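Chain by chain, the residues run as shown.
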Amino acid sequence: MRRRDASDLDACVRALTEVHAGDGYPVDWPEHPGAWLNHPSQFAAWVAERDGVVVGHIALSRSGEGDAAPALWSRRTGAPTAGTAVIGRLFVAPGARGHRVGARLMEQAVRDARERALHPVLDVVTSDTAAVALYERLGWSLLGTVDQQWGPARTVTVHCYAAPARG
């Protein structure tokens, strides 16, 4: 596992293509997947490699307008949403699953967020049961389930989670 750099984006897109074909993540395939992986609000990203091939990815971003998880966490704790780091763009190529790649990527992102004095949060579409199982296995707390507008005529239901308290 290491920090992602610009030279990794093509390999990340190849792995993401496999994930999308098998799992439907991301729900809406981006017109420019490399740009989608390198969102402007992002401040850190990592890749996981296996035998020199990128097999996983995760990123941390600042909270943006409409992000439900930071708002729910803020309401629950009384802390400002600026005190959160949003985990996203997490995926593991199908051939690399079952080796704790997703869990290790999550651990790295949580560690980095906490070093920045930020509390990690995320949201996930309710239909992504494998991701939900991972977050719950890692001890993340369900903050709530909300509907998000993903366009003028499209509503998607997501679960919002917060990382466990430091312990």
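Scroll up to find the structure.
Report follows, based on the coordinates. Since we're looking at a predicted model, the values are computed, not measured.

1. Points about the overall build of the protein chain
Inference 1: Of the regular secondary structure elements, the protein chain holds five helices and seven strands.
Inference 2: Secondary structure elements of the protein chain, listed N to C terminal, follow the sequence β-α-α-β-β-α-β-α-β-α-β-β.
Inference 3: For the protein chain, whose C-alpha radius of gyration is 15 Å, the value lies close to the compact-globule estimate of 15 Å for 167 residues.
Inference 4: Summarising its shape, the C-alpha atoms of the protein chain cover approximately 45 × 40 × 30 Å along the three principal directions.
Inference 5: When each of the 167 residues of the protein chain is scored for burial, the buried share is 47%.

2. Some details on the side chain of Gln 108
Inference 1: With respect to the helices, strands and loops of the structure, Gln 108 is situated in helix α4 (residues 101-115).
Inference 2: A residue is classified by how much of its surface remains accessible, and Gln 108, at 19% relative accessible area, is buried.
Inference 3: Those residues in contact with Gln 108 that lie beyond four places of it in its chain are Met 1 and Trp 46.

3. Examining the pairing of strand β6 (residues 141-149)
Inference 1: Pairing of β6 with strand β7 (residues 155-162) involves eight bridges; the strand directions are antiparallel. Paired with Leu 142 across the strands is Tyr 161, a residue of β7.

4. Focus: the sheet that holds β7
Inference 1: Ordered in space as β1-β2-β3-β4-β5-β7-β6, the seven strands form an open sheet in which the pairing is mixed. The sheet is open, and its two borders are formed by β1 (2-3) and β6, each paired with just one other strand.

5. A few points about α4
Inference 1: Between the first and last C-alpha of α4 there are 21 Å, a value that for 15 residues agrees with the 21 Å anticipated at 1.5 Å per step.
Inference 2: For α4, the buried fraction is high: eleven of the 15 residues fall into the buried class.
Inference 3: Along α4, the residues that are buried comprise Val 101, Gly 102, Ala 103, Leu 105, Met 106, Gln 108, Ala 109, Val 110, Asp 112, Ala 113 and Arg 114.
Inference 4: Buried residues along α4 sit in contact with β1, β2 (42-50), β3 (53-61), β4 (84-92), β5 (119-125) and α5 (129-137).
Inference 5: Of the residues one or two after α4, Ala 117 is the one with positive phi, at around 60 degrees.

6. What about α5?
Inference 1: Taken together, the buried positions of α5 are occupied by Ala 131, Val 132, Leu 134 and Tyr 135. End-on view of α5: buried residues confined to an arc of 160 degrees, all on one side of the axis. Of the exposed residues in α5, the ones pointing more than 90 degrees away from its buried face are Thr 129, Ala 130 and Arg 137.
Inference 2: A positive phi of about 90 degrees marks Gly 139, the residue just after α5.

7. A short note on the nonpolar core
Inference 1: Membership of the largest hydrophobic core comes to 41 residues, with the highest contact counts inside it found for Ile 87, Met 106, Tyr 135 and Trp 140.
Inference 2: Among the elements of the structure, α1 (9-23), α2 (33-37), β2, β3, β4, α4, β5 and α5 are those that each provide at least two residues to this core.
Inference 3: Discounting chain neighbours no more than four positions away, the residues touching Tyr 135 are Leu 90, Met 106, Leu 122, Val 124, Trp 140 and Tyr 161.

8. Examining the pairing of β2
Inference 1: Of the strand pairs in this sheet, β1 and β2 are connected by two bridges, and their pairing is antiparallel. Each bridged residue has a counterpart across the sheet, and for Arg 3 the counterpart in β2 is Trp 46.
Inference 2: A loop of two residues connects β2 with β3, the two strands running antiparallel in sequence, and Asp 51 in this loop sits at a positive phi of about 55 degrees.

9. Quick word on the pattern of salt bridges
Inference 1: In total, this model carries seven salt bridges according to the counting rule given.
Inference 2: Note that Arg 3 and Asp 112 form a salt bridge whose closest N and O atoms lie 2.9 Å from each other. Taken together, the residues span a long stretch of sequence, with Arg 3 in strand β1 and Asp 112 in helix α4 at a distance of 109 residues.
Inference 3: For Arg 3, a relative accessible area of 42% gives the class partly exposed.
Inference 4: Judged by its relative accessible area of 4%, Asp 112 falls in the buried class.
Inference 5: By sharing partners, the salt bridges in this structure join Arg 2, Asp 8 and Glu 49 into a single network.

Parameters at a glance
- Residues numbered from 1 in each chain as written.
- Predicted model: local features only at pLDDT ≥ 70, side-chain atom pairs only at ≥ 80, totals over all residues.
- Heavy atoms only, no water.
- Helix = DSSP H or I, 4+ residues; strand = E, 2+ residues; numbered from the N terminus.
- Rg over C-alpha atoms; globule rule 2.2 N^0.38 Å.
- Buried < 20%, exposed > 50% of the residue type's maximum accessible area, 1.4 Å probe, protein only.
- Contact = heavy atoms within 4.5 Å.
- Pairing = 2+ DSSP bridges.
- Expected span 1.5 Å × (residues − 1).
- Arc of directions from axis to C-beta.
- Core = buried A, V, L, I, M, F, W, Y, C linked by side-chain atoms within 4.5 Å.
- Salt bridge = Lys/Arg side-chain N within 4 Å of Asp/Glu carboxyl O.

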